[in-house]
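The chain contents come next:
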Amino acid sequence: MARRKRLEDDELLAVARERFVARGFAASTRGIAQVAGVAEAVLFQRFKTKAELFFAAMLPPPPNLHEILVSRPDSEEPSRRMEDIAIGVLAYFREIAPVLLPLVSHPDFNYESFVARYPESPLNQLVEGLQAWLKRLEARGDVVEGASPAVALALVGTMASLAIFERIGVHGGETPRKWCARWRP
């Protein structure tokens, strides 16, 4: 099989992501290289270890922070706005669940280390975006001062858990609409 002379990292990572999503960390680097049309040595020239390739490939796509945080007016009642944001965060986690599950299941995954290595990671962008929005509410007196970090992490953790539960089939794979106040008739 003829080898391509140059494969961009994004293309290589897309192939690796697809294989890791399908097979988990057990996906072989030989198989990844074969599908990508490069020699296995090329993988290790660009990524020192299989784990380094895995973590680079499994970086989730970025959230649409404008859609989640900015698309509704700040003047809206904070609890209603928070509900809309929670639903946006849930939609994001539903989208990234196929990548997120293998990522956090890796034995070497540690969130703090992951953020230190990938400070612009989408998960970090989401948490920081939520904290910034909540700090604006604090400044207006709509949220208790100092609560932003805890509230942002609680919201992200809850919505990520809910998306993962749906992914593994809890409640038939979809959260009952009656659980969300805005969906009540």
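Scope of this entry: the structure provided in the associated data block. (Residues numbered from 1 in each chain as written. Predicted model: local features only at pLDDT ≥ 70, side-chain atom pairs only at ≥ 80, totals over all residues. Heavy atoms only, no water.)

1. Describing the packing of helix H6 (residues 78-105) against helix H9 (residues 148-167)
Pairs of packed helices are described in terms of their axes, by the angle between the two and the distance that separates them.
Line of reasoning, step 1. Orientation of H6 relative to H9, taken along the N-to-C sense of each, is 50°, at an axis distance of 8 Å. Considering their axes alone, H6 and H9 lie oblique with respect to each other. Seen along the crossing, H6 lies across H9 with a hand that is right-handed. Residue-level contacts link Met-82, Ile-85, Ala-86, Val-89, Leu-90, Phe-93, Arg-94, Ala-97, Pro-98, Leu-100 and Leu-101 of H6 to Val-151, Leu-155, Val-156, Met-159, Ala-160, Leu-162, Ala-163, Ile-164, Glu-166 and Arg-167 of H9. (Axes fitted to C-alpha atoms, helices over the stretch in contact; angles between N-to-C directions. Helix = DSSP H or I, 4+ residues; strand = E, 2+ residues; numbered from the N terminus. Parallel < 35°, antiparallel > 145°, perpendicular 65-115°, else oblique. Left-handed = near helix turned anticlockwise from the far one by under 90°. Contact = heavy atoms within 4.5 Å.)

2. Considering the environment of Leu-53
Line of reasoning, step 1. Assignment of secondary structure puts Leu-53 in helix H4 (residues 50-57).
Line of reasoning, step 2. We classify Leu-53 as buried; its relative accessible area is 2%.
Line of reasoning, step 3. Sequence separation between Leu-53 and Leu-13 is 40 residues, and the spatial gap between their C-alpha atoms is 7.7 Å.
Line of reasoning, step 4. The residues touching Leu-53, leaving out its near neighbours within four places in the chain, are Leu-13, Ala-16, Phe-20, Thr-29, Ile-32, Leu-43 and Phe-47. (Buried < 20%, exposed > 50% of the residue type's maximum accessible area, 1.4 Å probe, protein only.)

3. Looking at the packing of aromatic side chains
Line of reasoning, step 1. If you walk through the whole model with that rule in mind, you get nine aromatic pairs.
Line of reasoning, step 2. With a centroid separation of 4.9 Å and an interplanar angle of 80°, the aromatic rings of Phe-20 and Phe-54 are classed as edge-to-face. In this pair, Phe-20 is assigned in helix H1 (residues 9-23) and Phe-54 in helix H4, connecting sequence segments 34 residues apart. Of the two residues, Phe-20 and Phe-54, both sit in the buried class.
Line of reasoning, step 3. Taken together through their ring pairs, the aromatic side chains of Phe-20, Phe-25, Phe-54, Phe-55, Phe-109, Phe-114 and Tyr-118 make up a single cluster.
Line of reasoning, step 4. For the cation-ring pair, Lys-50 lies above Phe-25, with the distance from its terminal atom to the ring centre recorded as 4.6 Å. (Phe/Tyr/Trp six-rings, centres within 6.5 Å; stacked < 30°, edge-to-face > 60°. Lys NZ or Arg CZ within 6 Å of the ring centre and 35° of its normal.)

4. Let's talk about H1
Line of reasoning, step 1. Spanning 15 residues, H1 covers 21 Å between terminal C-alpha atoms, matching the ideal 21 Å at 1.5 Å per step.
Line of reasoning, step 2. Residues of H1 that are buried include every one of Leu-12, Leu-13, Val-15, Ala-16, Arg-19 and Phe-20, and no others. One face of H1 carries all of its buried residues, which in axial projection span an arc of 160°. Facing away from the buried side of H1 by more than 90 degrees, the exposed set consists of Asp-10, Glu-18 and Ala-22.
Line of reasoning, step 3. Count one or two residues on from H1 and you reach Gly-24, which has phi positive near 70°. (Expected span 1.5 Å × (residues − 1). Arc of directions from axis to C-beta.)

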